[in-house]
Amino acid sequence: VQLQASGGGLVQAGGSLRVSCAASGRTFSNYAMGWFRQAPGKEREFVAAISWSGGNTYYTDSVKGRFTISRDNGKNTVYLQINSLKPEDTAVYYCAAAFSNGRPSIASSRSSWWDYWGEGTQVTVSS
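Here the structure is a predicted model, which means the values were calculated and not measured.

So, on to the pattern of salt bridges. For the structure on display, the rule yields four salt bridges. In this structure, the salt-bridge partner of R37 is E45, at a minimum N-O distance of 2.6 Å. Given the relative accessible area of 7%, R37 is considered buried. With a shortest N-O distance of 2.7 Å, R66 and D89 are connected by a salt bridge. Here R66, found in the loop between strand 6 (57-59) and strand 7 (67-72), pairs with D89, found in the loop between strand 8 (77-82) and strand 9 (91-99); they are 23 residues apart in sequence, far enough to count as distant. D89 sits in the buried class, given a relative accessible area of 1%. Connected through shared salt-bridge partners, R37, E45, R66 and D89 make up one network.

If you walk through the whole model with that rule in mind, you get seven aromatic pairs. A ring pair is formed by Y31 and F99, whose centres lie 5.4 Å apart and whose planes are at 70 degrees; its orientation type is edge-to-face. Here Y31 is found in strand 4 (residues 31-38), whereas its partner F99 is found in strand 9, with 68 residues between them in sequence. Ring centres 4.8 Å apart and planes at 80 degrees place the aromatic pair W113 and W114 in the edge-to-face group. Residue placement shows R44 over the ring face of Y94; its charged tip is 5.9 Å from the ring centre. Here the basic side chain of R44 rests over the ring of W117, its NZ or CZ set 3.8 Å away from the ring centre.

All right, on to the sheet that holds strand 8 then. Across a sheet, paired strands are connected by hydrogen bonds in the backbone, their directions being either parallel or antiparallel. Strand order in the open sheet made by the four strands is 1-3-8-7, with antiparallel pairing throughout. Of all strands in the sheet, those with a lone pairing partner are strand 1 (2-6) and strand 7, marking the two edges. Shown here is a sheet whose adjacent strand axes are inclined to one another by a mean of 15 degrees, direction ignored. Where strand 3 (residues 17-24) and strand 8 come together, six bridges link them in antiparallel fashion. In the sheet register, R18 faces strand 8, and the bridge partner there is Q81.

Here is what the cut-offs are and how they apply
Residues numbered from 1 in each chain as written. Predicted model: local features only at pLDDT ≥ 70, side-chain atom pairs only at ≥ 80, totals over all residues. Heavy atoms only, no water. Salt bridge = Lys/Arg side-chain N within 4 Å of Asp/Glu carboxyl O. Buried < 20%, exposed > 50% of the residue type's maximum accessible area, 1.4 Å probe, protein only. Helix = DSSP H or I, 4+ residues; strand = E, 2+ residues; numbered from the N terminus. Phe/Tyr/Trp six-rings, centres within 6.5 Å; stacked < 30°, edge-to-face > 60°. Lys NZ or Arg CZ within 6 Å of the ring centre and 35° of its normal. Pairing = 2+ DSSP bridges. Axes fitted to C-alpha atoms, helices over the stretch in contact; angles between N-to-C directions.

Below you can see the structure in the form of structure tokens.
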């Protein structure tokens, strides 16, 4: 699976942004999809995951209520809607894919759970 993230940019605090990740190469609906982020000087951290059907999602606690992950299997694309942006959301956002028909859970918060990774898209939030 090839993954290409896009949609990052410079946004003021309090604003919103939607980043996208287009997949190709395999049957998209066979894969759970996820988002991670890596801030300068920090380790990559899990953000959100969505099941193959889109019916189940899982978020890290720090983004619940502000971030929404969704997918369009017809377009082979997963999205991350980010609202009420904060300067601490500044990071490179990466999408990932895992061959799984299960429900996202704490296991999906580990980088090792994921099979494929895309190049990231930079999100910068100004205060």
